[in-house]
Amino acid sequence: MMKFSIITLFPKMFAALTEFGITGRAITAGQAEVVFHNPRDYADNKHNNVDDKPYGGGPGMVMQVAPLRAAIKAAKQETADAPVIYLSPQGKPLTQAKAAELSELPAMILLAGRYEGIDQRIIDRDVDECISIGDYVLSGGELPAMTLMDAVMRLLPGVLGDAKSAEVESFQQGLLDHPHYTRPEEIDGQRVPDVLLNGNHAEVEKWRKAQRVEQTQKLRPDLLKD
Ligand code: 4GM
């Protein structure tokens, strides 16, 4: 059982992950648990504000230390020695290898920021690791947190069927997937490759491997560099 503790101002966004598909089933089947801590619940002012103007001026707002630190503390009390991971464009890139590494942990605390970011002192003292899902900026860390959770959850034992588990291994070999086809054999003049119709399993596997190498060479040659 993997426990994800999420620090977010918008816990409802996570329904996209917790209520649908393979990730939803992982939770109902007890392979993963997701709990939320909302910094808003720890705000000390009467309007429950959790942001303030940046020192030094400039546009936008910054998430304050106190409510964020209180939410992290509450998460830590439930999950001793879970790393605090901040989703940020400044983080180390999320890769399949990183997801596999994280899937070995019993728990993690994911910090999803809003506004222009969080006070640096949270990063300096409370955050163990910064992870980025790619070189672009989103309006909050929730989608990056869900992306990381999905990548990790599908690697947990029993979450995917045996067939799907083989697919996971395929990316871990550093190659793209091969093309897929289903019925009918021909549609609008487009035929399924003959090799897939012959029932020769060894030939099919050989073709798929060749396709994976070819697709990777054509679409992502950077993946073949080493
Ligand atoms: C800027 C600073 C993560 C933006 C702090 C978070 C993209 C990623 C945010 C922040 C994010 C990423 C929130 N956008 N590339 N937006 O992983 O928390």
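Refer to the structure printed above.
In this report, the structure presented in the accompanying data block is examined. This is a predicted model, so every value here is computed, not measured.

Now for the site of the ligand. What surrounds the ligand is a group of 16 residues, the closest being Tyr 86, Ile 133, Gly 134, Tyr 136 and Leu 138. Contacts to the ligand include Leu 138, whose backbone N or O atom sits 2.9 Å from a nitrogen atom. Contact with the protein chains covers 94% of the free accessible surface of the ligand, which is 420 Å².

Looking now at the nonpolar core. Ranked by size, the top nonpolar core spans 26 residues in total, and within it Phe 4, Met 108, Leu 110, Leu 148, Met 149, Val 152 and Met 153 carry the most contacts. Of all the elements in the fold, those that place two or more residues in this core are β1 (2-7), β2 (32-37), β5 (84-93), α4 (96-102), β6 (107-111) and α6 (142-153). Each residue touching Met 108, except ones within four places of it in the same chain, is listed here: Met 2, Lys 3, Phe 4, Ser 5, Ala 82, Pro 83, Ile 85, Leu 102, Leu 148 and Val 152. Of all hydrophobic cores here, the second largest spans 19 residues; its members include Leu 9, Val 50, Ile 72 and Ala 75.

Turning our eyes to something else, we now look at the environment of Arg 121. Relative to the elements of secondary structure, Arg 121 occurs in helix α5 (residues 120-125). In this structure Arg 121 comes out as partly exposed when scored by relative accessible area, which is 48%. In the structure, Arg 121 is positioned 43 residues away from Glu 78 in sequence and 23 Å away in space, judged by C-alpha atoms. Those residues in contact with Arg 121 that sit more than four places away from it in its chain are Val 65, Arg 69 and Asp 126.

In this description, an aromatic ring pair is defined by two values, namely the gap between the centres and the angle between the planes. For the structure shown, the criterion picks out one aromatic pair. For the ring pair Phe 14 and Phe 36, a centre distance of 5.4 Å and an interplane angle of 55° mean the geometry is tilted. Of this pair, Phe 14 sits in the loop between β1 and α1 (15-18) while Phe 36 sits in strand β2, and the two are 22 residues apart along the sequence.

An ideal rise of 1.5 Å per residue puts 20 Å on 14 residues; helix α3 (residues 65-78) measures up with 20 Å between its terminal C-alpha atoms. Where α3 is concerned, the buried positions are Val 65, Pro 67, Leu 68, Ala 71, Ile 72, Ala 74 and Ala 75. The secondary structure elements touched by the buried residues of α3 are β1, β2, β4 (62-63), β5, β6 and α5.

Conventions adopted
Residues numbered from 1 in each chain as written. Predicted model: local features only at pLDDT ≥ 70, side-chain atom pairs only at ≥ 80, totals over all residues. Heavy atoms only, no water. Near = heavy atom within 4 Å. Polar contact = N/O pair within 3.5 Å; in protein donor to acceptor, adjacent residues only side chain to side chain. Areas by Shrake-Rupley, 256 points an atom, 1.4 Å probe, with all protein chains shown as cover. Core = buried A, V, L, I, M, F, W, Y, C linked by side-chain atoms within 4.5 Å. Buried < 20%, exposed > 50% of the residue type's maximum accessible area, 1.4 Å probe, protein only. Helix = DSSP H or I, 4+ residues; strand = E, 2+ residues; numbered from the N terminus. Contact = heavy atoms within 4.5 Å. Phe/Tyr/Trp six-rings, centres within 6.5 Å; stacked < 30°, edge-to-face > 60°. Expected span 1.5 Å × (residues − 1).

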